[in-house]
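Single-letter residue listing:
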Amino acid sequence: MQSTLSNEDPDFLRNDPGLASLLAQLERVNQQIAAHARYKEQKSQAEQIAVAELQAKAESLGDVSLNNGKPQNTDDSNDWEKHWDDAVGAEYYFNPKTGEASWLPPPIPKK
């Protein structure tokens, strides 16, 4: 929908203050929608960069394998321990029985 009137529109439309006000409001909403879309794209890009940087940092430490962020073996769910990585500044989970590490909490075992 167009948010402005042109000289080709009839006089009664161009001279209607209520319509002009609605069109101005529509233009502001369209600008907000465009700004929100730009924000979401920038946020998504920043998140992708942050994840890549954290993965690279964690892998460079050598003691934490990300495994795409998920524990591999859920059979030993009760054996997971929560730890803090000072170099990365985040919690991670370690299973001493399997030697696995993950940034995400292991699944809760079914009872």
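See the structure above.
All values derive from a computational prediction rather than experimental measurement.

Cut-offs and rules
- Residues numbered from 1 in each chain as written.
- Predicted model: local features only at pLDDT ≥ 70, side-chain atom pairs only at ≥ 80, totals over all residues.
- Heavy atoms only, no water.
- Helix = DSSP H or I, 4+ residues; strand = E, 2+ residues; numbered from the N terminus.
- Buried < 20%, exposed > 50% of the residue type's maximum accessible area, 1.4 Å probe, protein only.
- Contact = heavy atoms within 4.5 Å.
- Areas by Shrake-Rupley, 256 points an atom, 1.4 Å probe, with all protein chains shown as cover.
- Pairing = 2+ DSSP bridges.
- Axes fitted to C-alpha atoms, helices over the stretch in contact; angles between N-to-C directions.

Draft legend 1. Seen up close, the overall build of the chain. Across its full length, the chain carries 2 helices and 3 strands. Along the chain direction, N to C, the helices and strands of the chain fall in the order α-α-β-β-β. Looking at the chain as a whole, 19% of its 111 residues qualify as buried. In the chain, the share of contacts with a sequence separation of at least 24, taken over all contacts with a separation of at least 6, comes to 38%. Here the chain has roughly 8500 Å² of accessible surface; of this, 52% comes from carbon and sulfur atoms.

Draft legend 2. Inspection of the sheet that holds strand β2 (residues 90–95) at higher detail. Taken in spatial order, the 3 strands line up as β1-β2-β3 in an open sheet, and their pairing is antiparallel. Every interior strand has two partners, whereas the edge strands, β1 (81–85) and β3 (100–102), have only one. If you compare each strand with its neighbour and ignore which way they point, the axes differ by 35° on average. Across 3 bridges, β2 lies against β3 in antiparallel orientation. Pairing of tyrosine 93 across the sheet is with serine 102, part of β3.

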